[in-house]
Each structure stands twice: as C-alpha cells, then as structure tokens.
Amino acid sequence: MKLYVSLTSPFARKVRVGVAEKGLAERIEQIVVDPWNDDGTLTAANPLSQVPALQLDDGLALTDSNTILGWLDRAFPQPSLWPHDPQARTHAEAIAALAQTLLEYTVFLVIEGRRPAETRSAPLIERRTQGILRGVAALETRFHASTGHFHADSIGVACALAYLDFRQPQLDWRAQAPKLAEWSAWAARRASMRDTAPPPA
Ligand SMILES: N[C@@H](CCC(=O)N[C@@H](CS)C(=O)NCC(=O)O)C(=O)O
C-alpha cells in the first residue's frame, strides 16, 4: 500500500497519525509529494491532486482523510479508531466533523492569504475566522478530552488545533479554551503526533 502525503497537510497528518496509532507504519509506504506542484506521481493515484491518497494493493485508490481512516479501521480493526458504544460513537463522529470543518476553514485562510492582498475577500476571511473561534469554543464544551485513548475524534481535534498553531499563530484560541489548550499540549507529546509534526518553515 502506498500513502501519498505532504508533510504540512493536516488532512494527511490525520491519516499518518491513524497509521501510527494502529501500528501500521511498516505496512504502508509513505510517499511525500507536493499536491500543488505534482509531476504526475500523485495525480496517477488521485486525479484531483489532493493529499492524502491511499493506493491499495489491488490498485484502488482512496482519497479523503475520513474515507481513508474509515478503510484503515475496517481493514485493521484493532486498536479501533472509534468507541464501541453507539452513542459514544455518534458523539465522536460529531466532534470529528467539527474538527474537519475547522481544518477546512483554516486551510481556506492559508490559501486566501497567499493571494494578492487586493483580491482577497475580507468578509469571507472574517466569516471563516469567526467560525474557527466559535468552533474552538464549541469543542471546549463538547469534546470529551480524554487522555485514556486517541480515537478519530481526538486525532481530528489534535490535528486541527496544531494546524491553527502552525498556520494562524496570531489567533489566540487558547484564551477561550483552557481545557482544550491543556489537552492539546498532552496530545502534542503523543508519539504519533510528535512524529508527524510539520517541518519548521
Ligand atoms: N477533504 C480532503 C481535503 C484534502 C485537501 O484539501 N488536501 C490539501 C492539502 S492540505 C491538498 O492536497 N490541496 C491541493 C489542492 O487542493 O489542489 C481530506 O479530508 O482529505
């Protein structure tokens, strides 16, 4: 199996963390590509030129971090990325979805920030920024910040907060989320998170 990643993509990081948590590092070859400047390596697996993409041994390529994590959990059920209890699972899925949209909003700010200043949409930047801050505030009260496991919701939240620190360090999310700040410091020390931290810019 081949996993196409970039070392700065938070979506790819979610999958890399999942691979590490499941102890699959030896079974999945990770290929580092630049989705914005691809020589055809990535588009052969993912015609949409996005990471992460997982090429299975039978040739089928899976795209999208959640689809890939879902497949990994079915193909290698232990340790599970989700709680067994249906109610707990629904809650975890709600949190994972919040974290995913937080990531999407943050990536939007990064992409918008790379455009010439006069072409940026100030209202949309403001809308996404406020959305991020409300999303973090919601996680502060809704996320069951456990240190007893590292399920897919935890992976998503940890990657989303770390990506905010990486790309939007001026956004002081910790001021409104002290519990999350403490948990995020714990998550950052986990081997799977330490080993997938983006390289210094
Ligand atoms: N929904 C996808 C999003 C993947 C995504 O947007 N990846 C970015 C890297 S952070 C990418 O490859 N961007 C290149 C592009 O959109 O052209 C997921 O969860 O995996």
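Residues numbered from 1 in each chain as written. Predicted model: local features only at pLDDT ≥ 70, side-chain atom pairs only at ≥ 80, totals over all residues. Heavy atoms only, no water.

J.: Teacher, can you tell me more about the sheet that holds strand β4 (residues 61-63) here?
T.: Through backbone hydrogen bonds, the strands of a sheet pair up, either in parallel or in antiparallel fashion. On the basis of which strands lie adjacent, the open sheet formed by 4 strands has the order β2-β1-β3-β4 and mixed pairing. Two strands in the sheet have a free side with no partner beyond their single neighbour: β2 (29-32) and β4. Pairwise comparison of adjacent strand axes, ignoring direction, gives a mean angle of 20 degrees for this sheet. Across 3 bridges, strand β3 (residues 53-55) lies against β4 in antiparallel orientation. Paired with Gln-55 across the strands is Ala-61, a residue of β4. Contacting β1 (2-5) and β2, helix α1 (residues 10-21) crosses the sheet at an angle of about 140 degrees to β1. With respect to the sheet, helix α3 (residues 65-75) is in contact with β3 and β4, its orientation differing from that of β4 by roughly 125 degrees. (Pairing = 2+ DSSP bridges. Helix = DSSP H or I, 4+ residues; strand = E, 2+ residues; numbered from the N terminus. Axes fitted to C-alpha atoms, helices over the stretch in contact; angles between N-to-C directions. Contact = heavy atoms within 4.5 Å.)

J.: Honestly, the domain arrangement of the chain in this entry has me stumped. Any pointers?
T.: The extent of an interface is frequently quoted as the accessible surface area lost upon association of the parts. Parsing the chain into structural domains produces domain 1 (2-75) and domain 2 (86-194). Between domain 1 and domain 2, the contact holds 13 residues from the first and 16 residues from the second. Overall, the association of domain 1 and domain 2 removes approximately 1,300 Å² of surface from exposure, summing both partners, and the carbon and sulfur fraction of that is 67%. When the area that domain 1 buries against domain 2 is broken down by residue, the three leading residues are Phe-11, Arg-13 and Glu-21, summing to 38%. For the pair domain 1 and domain 2, the number of links is 1 salt bridge. The salt bridge partner of Glu-21 is Arg-190, with a shortest N-O separation of 2.8 Å. Counting across the interface, domain 1 meets domain 2 through 4 residue pairs in polar contact (both at pLDDT 80 or more). Breaking the side of domain 1 that touches domain 2 down by element, the ones donating at least two residues are α1 and α3. Here the side of domain 1 that touches domain 2 is composed, by residue class, of 5 nonpolar, 4 polar and 4 charged. (Domains from an automatic or database assignment. Buried area = accessible area lost by both parts, 1.4 Å probe. Salt bridge = Lys/Arg side-chain N within 4 Å of Asp/Glu carboxyl O. Polar contact = N/O pair within 3.5 Å; in protein donor to acceptor, adjacent residues only side chain to side chain. Nonpolar A, V, L, I, M, F, W, Y, C, P; charged D, E, K, R; others polar.)

J.: Would you explain the site of the ligand in this entry?
T.: The immediate surroundings of the ligand are formed by Ser-9, Pro-10, Phe-11, Pro-35, Trp-36, Ser-49, Gln-50, Val-51, Pro-52, Asp-64, Ser-65 and Gln-100. Between Gln-50 and the ligand, the recorded distance is 2.9 Å, taken from a side-chain N or O atom to an oxygen atom. Within the side chain of Gln-100, an N or O atom sits 2.8 Å from an oxygen atom of the ligand. Look at the ligand: alone it shows 510 Å² of surface, and the protein chains cover 81% of it. For the shell around the ligand, the per-class residue count stands at 6 nonpolar, 5 polar and 1 charged. (Near = heavy atom within 4 Å. Areas by Shrake-Rupley, 256 points an atom, 1.4 Å probe, with all protein chains shown as cover.)

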